[in-house]
Amino acid sequence: MTAEQNQVKLGLDGILAFESSIATIDGNIPELIIRGYDIKEIASSLSFEEMTYLLLYSTLPTGDILNDFSEELASLRDIPSSVLHVLSTTPTEAHPMAVLRTAVSLIGASDPNADDLTDDDNLRKAINLTAKMPTIVAAQSRIQSGKDPVSPNPALGHSENYLYMLTGEKPDPVDLKAFETTLVLYAEHETNASTFACRVVVGTLSDFYSSVVAGIGAIKGPLHGGAIDDAMRMFMDIGSPDKAKPYVETALSNKQKLSGFGHRVYRAGDPRAAELKDLAREMSTSHGDSQWYEIAQEAEQAMKNSKNIIPNVDYYAAIVLYQLGFQLNMMTNVVASTRIAGWSAHILEQYNNNRLIRPRALYTGARGKKHKSQNH
């Protein structure tokens with residue numbers, strides 16, 4: 001190997017693995033561009049259906065195109081009885097993300113065209129899973145709470161139906177707007193770990209479902225999507241706004257990492273975090289419960305003063321999802337149920353310009369060892 005080839009980039013930091021027209025991040029501005037649109041321009045103005053269509057088709061839908069696409073998504077929300085049976089019979093101690101992973105795998109195993117890798121059939125699978133994953137997550141949440149799942153309502157939009165399946169009631173406008181924006185903000189985020197995992201699986205020409213299952217496995221981890229659960233647990237551990245500063249100072253003195261802070265790519269802040277902070281504040285006012293928002297504010301200020309590190313997307317999103325009624329251990333499932341739109345776009349792009357993803361490793365083991373045969 002040459003000297004350049006011998007240079008290891010741990011975590012593939014800064015390595016360009018492929019070309020993509022889906023999204024890009026500039027962490028120094030900070031900026032997140034999706035299909036040419038700045039996330040700050042579209043976060044609060046697009047519906048989830050519009051965002052999904054943009055990701056899958058590279059353009060925003062209007063008029064009849066949007067209506068037809070929304071109706072197609074709504075018509076596919078029901079999940080097979082076999083999946084519902086798995087959700088109902090899985091041990092209560094099972095991790096909700098492991099159950100989601102199993103449910104998606106079962107849907108794939110039940111699809112007679114699972115190994116059809118044509119563009120049209122992969123697009124069908126993408127739309128189908130985008131429609132069904134919220135139904136799975138809402139059912140998981142209700143079963144976990146000892147309640148019966150609520151069947152999807154095809155007359156409601158994607159986000160409104162999601163909350164309806166969670167609570168059994170139509171959401172108020174403030175909650176609906178906050179949730180819609182949260183789903184849009186989480187739908188796509190360039191080449192994160194789970195998206196890369198999806199593309200690695202596609203690189204082998206495996207099937208669409210296997211790729212999504214890999215993405216779910218990756219986003220489950222606490223260094224990725226699992227951080228949102230830990231952020232809310234941190235707020236609960238703090239307990240009150242006046243305890244936030246000493247909590248942060250103690251954690252830092254003990255070299256303990258604080259969930260919801262920092263990011264591998266963003267150096268000047270996460271542009272999605274500012275949007276979610278506004279949503280968390282609005283929901284706190286609407287719900288008449290500002291405790292969690294005030295705790296988050298105080299902890300944010302303490303972290304900024306001590307380390308000049310500001311929150312990432314999960315920090316205030318945890319408060320939004322908690323106030324909407326999602327249990328702590330279901331929050332990563334919600335993230336996966338919206339990131340399916342972004343994963344799907346990358347999966348389709350990888351299939352269309354595929355090369356097996358096969359990096360090398362710098363060998364640091366021994367050489368020259370000899371095996372001496374034994375005479376018996």
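Calculation criteria
- Residues numbered from 1 in each chain as written.
- Predicted model: local features only at pLDDT ≥ 70, side-chain atom pairs only at ≥ 80, totals over all residues.
- Heavy atoms only, no water.
- Helix = DSSP H or I, 4+ residues; strand = E, 2+ residues; numbered from the N terminus.
- Buried < 20%, exposed > 50% of the residue type's maximum accessible area, 1.4 Å probe, protein only.
- Core = buried A, V, L, I, M, F, W, Y, C linked by side-chain atoms within 4.5 Å.
- Contact = heavy atoms within 4.5 Å.
- Pairing = 2+ DSSP bridges.
- Expected span 1.5 Å × (residues − 1).
- Salt bridge = Lys/Arg side-chain N within 4 Å of Asp/Glu carboxyl O.
- Patch = residues over 30% accessible without salt bridge, like charges linked within 9 Å, V, L, I, M, F, W, Y side chains within 5 Å.
- Areas by Shrake-Rupley, 256 points an atom, 1.4 Å probe, with all protein chains shown as cover.
- Polar contact = N/O pair within 3.5 Å; in protein donor to acceptor, adjacent residues only side chain to side chain.

Observations regarding unusual backbone geometry
At step 1: Look at the link from I29 to P30: it is a cis peptide, with omega at -10 degrees.
At step 2: As for its placement among the helices and strands, P30 is situated in the loop between strand 1 (23–26) and strand 2 (31–34).
At step 3: One non-glycine residue, E190, adopts positive backbone phi at about 55 degrees.
At step 4: Taking relative accessible area as the criterion, E190 reaches 18% and is therefore assigned buried.

Points about the nonpolar core
At step 1: Counting residues in each nonpolar core, the largest one holds 100 residues, and the members touching the most others are M51, L100, F179, V212, F235 and F326.
At step 2: If one sorts the elements of this core by residue count, helix 16 (residues 331–352) sits on top with eleven residues.
At step 3: In this structure M51 touches I34, I39, I42, L46, V184 and A187, once residues within four positions along its chain are discounted.

Here's the deal with the pairing of strand 2
At step 1: Alignment of strand 1 against strand 2, held across four bridges, turns out to be antiparallel. The partner of I25 across the bridge, within strand 2, is L32.
At step 2: The hairpin formed by strand 1 and strand 2 contains four residues between the paired strands.
At step 3: Two elements, strand 2 and strand 3 (residues 37–38), share two bridges in a ladder whose sense is antiparallel. Within the sheet, the bridge partner assigned to I33 lies in strand 3 and is D38.
At step 4: In this antiparallel pair of consecutive strands, strand 2 and strand 3, the connection spans two residues, and R35 shows a positive phi of 50 degrees.

Focus: helix 8 (residues 173–186)
At step 1: Given a rise of 1.5 Å per residue, 14 residues ought to cover 20 Å, and the 20 Å separating the end C-alpha atoms of helix 8 matches this to within 8%.
At step 2: Of all the positions in helix 8, only D175, A178, F179, E180, T181, T182, L183, V184, L185 and Y186 are classed as buried.

What about the pattern of salt bridges?
At step 1: Counted under the stated rule, the structure contains eight salt bridges.
At step 2: Across the salt bridge formed by K277 and E300, the nearest N and O atoms sit 3.2 Å from each other. Of this pair, K277 sits in helix 13 (residues 271–287) while E300 sits in helix 14 (residues 291–307), and the two are 23 residues apart along the sequence.
At step 3: When its relative accessible area of 22% is taken as the criterion, K277 is described as partly exposed.

Some words on the sheet that holds strand 3
At step 1: Spatially, three strands are ordered 1-2-3 in an open sheet, and the strand pairing comes out antiparallel. Edge positions in the open sheet fall to strand 1 and strand 3, since each of these has one partner strand only.

Things to note about a nonpolar patch on the surface
At step 1: Together, V8, L10 and L362 make up an exposed nonpolar region whose accessible area comes to about 310 Å².
At step 2: Since its relative accessible area comes to 73%, L10 is described here as exposed.

Some thoughts on the environment of N354
At step 1: Relative to the elements of secondary structure, N354 occurs in the segment after helix 16.
At step 2: Its relative accessible area of 28% is what places N354 among the partly exposed residues.
At step 3: The spatial distance from the C-alpha of N354 to the C-alpha of L87 is 35 Å, given a sequence separation of 267 residues.
At step 4: Setting aside anything within four residues of it in sequence, one finds N354 in contact with V202, G203 and L205.
At step 5: One polar contact links the side chain of N354 to the main-chain carbonyl oxygen of G203, over a distance of 3.2 Å.
At step 6: Only 3.0 Å separates the side chain of N354 from the side chain of Q350, close enough to count as a polar contact.

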